[in-house]
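Reading the structure
Here's the letter readout for the chains.
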Amino acid sequence: MPEALELGTRRRIFEHVRRFPGTHFREILRALALQPGELEYHLHTLEKARILRAQDEGGRRRYFVAAEVPHPDHAVLGLLRQVLSLIPVLVIKGLLGIV
C-alpha cells in the first residue's frame with residue numbers, strides 16, 4: 001500500500017473517488033462528513049503522491065484515481081456525472097415524461 005494511503009481518512013477518500021470517478025469536492029465532503037480544510041489537505045496529498053488526479057471543469061474540481069481513468073476520459077465522466085445528477089430533478093418536475 002502506498003504510504004499516502006496509510007491514513008484511514010485518505011483511504012476513505014481514495015475508495016470514494018474510485019467508486020465515483022469524477023466526483024467533486026462538495027460531493028466528497030458530504031459523503032464522508034469531513035471538514036473542508038481537512039479534505040483539501042488530504043486531496044492535495046493524494047494528488048502529490050499521484051494517486052488521484054484532478055480536473056478543473058466549470059468551476060468544479062473533479063477527482064479521479066490516476067491509475068484507472070485515462071486523461072481524455074476525465075471530461076466525459078465529469079459530463080456524465082452532471083447529466084445523471086439532473087435526472088431526479090427532471091423526474092420530480094415531470095419533465096422527462098416518467099410517471
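Scroll up to find the structure.
Figured I'd write up the structure that's included with this text. A quick note: this is a predicted structure, and the numbers were derived from the prediction, not measured. (Residues numbered from 1 in each chain as written. Predicted model: local features only at pLDDT ≥ 70, side-chain atom pairs only at ≥ 80, totals over all residues. Heavy atoms only, no water.)

**Quick look at the overall build of the protein chain**
- Within the protein chain, the secondary structure is distributed over four helices and three strands.
- Secondary structure elements of the protein chain occur, N-terminal to C-terminal, as α-β-α-α-β-β-α.
- A burial count over the protein chain gives 31% of its 99 residues as buried.
- Once local pairs closer than 6 in sequence are excluded, the contacts in the protein chain between residues at least 24 apart make up 43%.
- A total accessible area of about 6,600 Å² is found for the protein chain, and carbon and sulfur atoms account for 58% of it. (Helix = DSSP H or I, 4+ residues; strand = E, 2+ residues; numbered from the N terminus. Buried < 20%, exposed > 50% of the residue type's maximum accessible area, 1.4 Å probe, protein only. Contact = heavy atoms within 4.5 Å. Areas by Shrake-Rupley, 256 points an atom, 1.4 Å probe, with all protein chains shown as cover.)

**Here's the deal with the packing of helix α2 (residues 25-32) against helix α3 (residues 36-48)**
- Two elements in contact, α2 and α3, have axes separated by 10 Å at closest approach and are oriented at 115 degrees. In this structure, α2 meets α3 at a crossing whose hand is right-handed. Across the interface between the two elements, F25, I28 and L29 from α2 touch P36, L39, E40 and L43 from α3.
- Of the residues in the contact of α2 with α3, the class split is six nonpolar, no polar and one charged. (Axes fitted to C-alpha atoms, helices over the stretch in contact; angles between N-to-C directions. Left-handed = near helix turned anticlockwise from the far one by under 90°. Nonpolar A, V, L, I, M, F, W, Y, C, P; charged D, E, K, R; others polar.)

**Notes on the nonpolar core**
- Within the largest apolar cluster, 16 residues are counted, with the highest numbers of intra-cluster contacts made by I13, V17, I28, L39, L43, L46 and L52.
- Secondary structure elements with two or more residues in this core: α1 (8-19), α2, α3 and β3 (60-65). (Core = buried A, V, L, I, M, F, W, Y, C linked by side-chain atoms within 4.5 Å.)

Distances and angles like these do not, on their own, reveal function.
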